[in-house]
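# Coordinate inspection notes
Next come the chains, spelled out residue by residue.
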Amino acid sequence: MAEKSFKYVIVGGGVAAGYAAREFAKQGVKPGELAIISKEAVAPYERPALSKAYLFPEGTARLPGFHVCVGSGGERLLPEWYTEKGISLILSTEIVKADLASKTLISAAGETFKYQILIIATGSTVFRLTDFGVQGADAKNIFYLREIDEADELVKGIKAKKNGKAVVVGGGYIGLELSAALRINNFDVSMVFPEPWCMPRLFTAGIAAFYEGYYANKGINIIKGTVAVGFGTNGNGEVTDVKLKDGRVLEADIVVVGVGGKPLTTLFKDQVDEEKGGIKTDAFFKTSVPDVYAVGDVATFPLKLYGETRRVEHVDHARKSAEQAVKAIFASEQGKSISEYDYLPYFYSRSFDLSWQFYGDNVGETVLFGDSSPESPTHKFGSYWIKDGKVVGAFLESGTPEENQAIAKVARVQPPVSSLDQLATEGLTFASKI
Ligand code: FAD
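All values reported here derive from a predicted model rather than from experimental measurement.

Close to the ligand lie 35 residues; Glu40, Lys52, Arg146, Glu147 and Asp297 are nearest. Taking Val15, its main chain carries an N or O atom lying 3.1 Å from an oxygen atom of the ligand. Here His314 contributes a backbone N or O atom positioned 3.3 Å from an oxygen atom of the ligand. Computed on the free molecule, the ligand has an accessible area of 1,000 Å², of which 98% lies beneath the protein chains in the complex. Breaking the shell around the ligand down by element, the ones donating at least two residues are α1 (15-26), α4 (173-184), α6 (315-333) and β22 (346-351). Ranked by residues supplied to the shell around the ligand, first place goes to α4 with 3 residues. Among the residues forming the shell around the ligand, the class breakdown is 15 nonpolar, 10 polar and 10 charged.

Now the structure itself:
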């Protein structure tokens, strides 16, 4: 088969690839120099939409509406945009072998791609209950959500089982967003997770109590402290129920599983240094192999603010790391240098009429402020994280753009606090003064 050769290749066609393409264009990439090779059949899009408006019965999001870079207020990069710029979008093409020593990639169909500079942007994949040998986990109407074709399958399932019963397995933000979307689709929804409260990697018990109360008021049945251990099926092989470890059995017409994922790094195993489950990079997203960069979910990079390396699976970092890598590539070609990546962790989620933002680090002591009662008419409340006498993280539900900017600033500046009680009383006012 013919061999194709490019100056720059991005493997993976998700959020990071899309934002990298825009930066390549800004930096003056020439027609024919850049290729994006993606397993998906569509041009890069804003992945977070898949668990939100993509599933809504009204105001539904569909492509081309949410191609990158619309999610951060930029112009949408439609497939035509890549053509105009002379960027090759090589879609529905999975790379199955990467040889970094000979700068060669090979696709499932046997095509060979050569590059001078490679950007790894393969993102993450979800854990599947079949991987853990959960009995009946291969039944029909058990869904996962990472890519758009999986979202399409879920939409079909929602339509086929209209007004039915849904069980969501997993209590992270994906589980919370999916439960809300299914409820809006008039499903009778139960959410099951093993931890003592939802979203335990970020939420404190106080924050979680608000969301759990709010969800309960919306009619969602939250079942904590247990896990799904098996699924019943009918004669068509469709799921009919979920068996829980505590002995309970929940009827289900559809099941959606959101139990986390892992970065897709196996193609590069033993060829590049890894750390903390990801591909190790410097502050310019350069890996241990010359001319190879890694961005987005797969990169373990130096988080300057905290003096340690981290891997971050959030869309804002996918966008910014991609831009940083492309800037660094062009700068080094011109013998120039750019500033080190200095990232402030930022994460958000939306469900029902709720919307929260989090900035910084969720370590140390916490204080809750505002009205966190699930019945609150404003739902405006938040939390600060305090470490070594300084505020290092801030969370806010239903903030205005200015208020969100204020909490971002707090997390960046890390102001000292003398009294936690006073901080709780001051609440948002504390952030507004910084
Ligand atoms: P991805 O966007 O996943 O892109 C990876 C791409 O690489 C995919 O196109 C994949 O098909 C392709 N690929 C992988 N392997 C190969 C291969 N071997 N050959 C060819 N192509 C390959 N973050 C937030 O901060 N807020 C949110 O509200 C939020 N919501 C989310 C909702 C959902 C449903 C999901 C799945 C994620 C959400 N995220 C959210 C996380 C965010 O979307 C990711 O952090 C971000 O997409 C990472 O970008 P990436 O480019 O590294 O990976």
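Their axes nearest at 8 Å, the elements α1 and α6 cross at an angle of 40°. Two packed elements cross with a definite hand, and for α1 against α6 that hand is right-handed. When α1 is examined against α6, the residues Val15, Ala16, Tyr19, Ala20, Arg22, Glu23 and Phe24 are found in contact with a partner set consisting of Val315, Ala318, Arg319, Ala322, Glu323, Val326, Lys327, Ile329 and Phe330. Of the residues belonging to the contact of α1 with α6, the class tally is 11 nonpolar, no polar and 5 charged.

Turning to the side chain of Arg310, a few remarks are in order. Within the fold, Arg310 resides in strand β21 (residues 308-311). Looking at Arg310, the relative accessible area reads 18%, which means it is buried. Within the local environment of Arg310, its side chain forms a polar contact with the side chain of Glu308, the two groups lying 2.8 Å apart. Polar side-chain contacts of Arg310 include one of 3.0 Å to the side chain of Asp361. Non-local contacts of Arg310, meaning those with residues more than four positions away in its chain, are made with Ala299, Thr300, Phe301, Leu303 and Asp361.

Moving on, we get to the UniProt feature "domain: FAD/NAD(P)-binding" (unreviewed entry) in the protein chain. Taking the UniProt record as the reference, the feature "domain: FAD/NAD(P)-binding" (unreviewed entry) is found at residues 6-322. Helix makes up 21% of residues 6-322 and strand 28%. Its end C-alpha atoms lie 18 Å apart.

Applying the stated criterion across every chain, the model contains 31 aromatic pairs. Relative to Phe301, the ring of Phe285 lies with its centre 5.6 Å away and its plane at 50°, an arrangement referred to as tilted. Linking Phe285 in the loop between β18 (278-280) and β19 (292-294) with Phe301 in strand β20 (residues 299-303), this pair joins segments that are 16 residues apart in sequence. Each of the two residues, Phe285 as well as Phe301, counts as buried.

Now for the UniProt feature "domain: Monodehydroascorbate reductase 3-like C-terminal" (unreviewed entry) in the protein chain. According to UniProt, the positions carrying the feature "domain: Monodehydroascorbate reductase 3-like C-terminal" (unreviewed entry) are residues 344-431. Annotation note: span residues 344-431, helix share 27%, strand share 39%, distance between end C-alpha atoms 16 Å.

Per the domain assignment, the segments making up the protein chain are domain 1 (3-125 + 262-333), domain 2 (142-259) and domain 3 (353-432). For domain 1 versus domain 2, the distance between C-alpha centres works out to 30 Å. Of all residues in domain 1, Ser51, Tyr54 and Leu55 give up the largest surface area on contact with domain 2, accounting jointly for 36% of the area buried on that side. Where domain 1 touches domain 2, the interface holds 3 salt bridges. Among the salt bridges present, the one from Asp297 reaches Arg146, with a minimum N-O distance of 3.2 Å. Linking domain 1 with domain 2 are 10 residue pairs in polar contact (both at pLDDT 80 or more). The residue inventory of the side of domain 1 that touches domain 2, partitioned by class, reads 9 nonpolar, 2 polar and 6 charged.

Rules of the game
- Residues numbered from 1 in each chain as written.
- Predicted model: local features only at pLDDT ≥ 70, side-chain atom pairs only at ≥ 80, totals over all residues.
- Heavy atoms only, no water.
- Near = heavy atom within 4 Å.
- Polar contact = N/O pair within 3.5 Å; in protein donor to acceptor, adjacent residues only side chain to side chain.
- Areas by Shrake-Rupley, 256 points an atom, 1.4 Å probe, with all protein chains shown as cover.
- Helix = DSSP H or I, 4+ residues; strand = E, 2+ residues; numbered from the N terminus.
- Nonpolar A, V, L, I, M, F, W, Y, C, P; charged D, E, K, R; others polar.
- Axes fitted to C-alpha atoms, helices over the stretch in contact; angles between N-to-C directions.
- Left-handed = near helix turned anticlockwise from the far one by under 90°.
- Contact = heavy atoms within 4.5 Å.
- Buried < 20%, exposed > 50% of the residue type's maximum accessible area, 1.4 Å probe, protein only.
- UniProt positions renumbered as here; feature names shortened; annotations may be inferred.
- Phe/Tyr/Trp six-rings, centres within 6.5 Å; stacked < 30°, edge-to-face > 60°.
- Domains from an automatic or database assignment.
- Buried area = accessible area lost by both parts, 1.4 Å probe.
- Salt bridge = Lys/Arg side-chain N within 4 Å of Asp/Glu carboxyl O.

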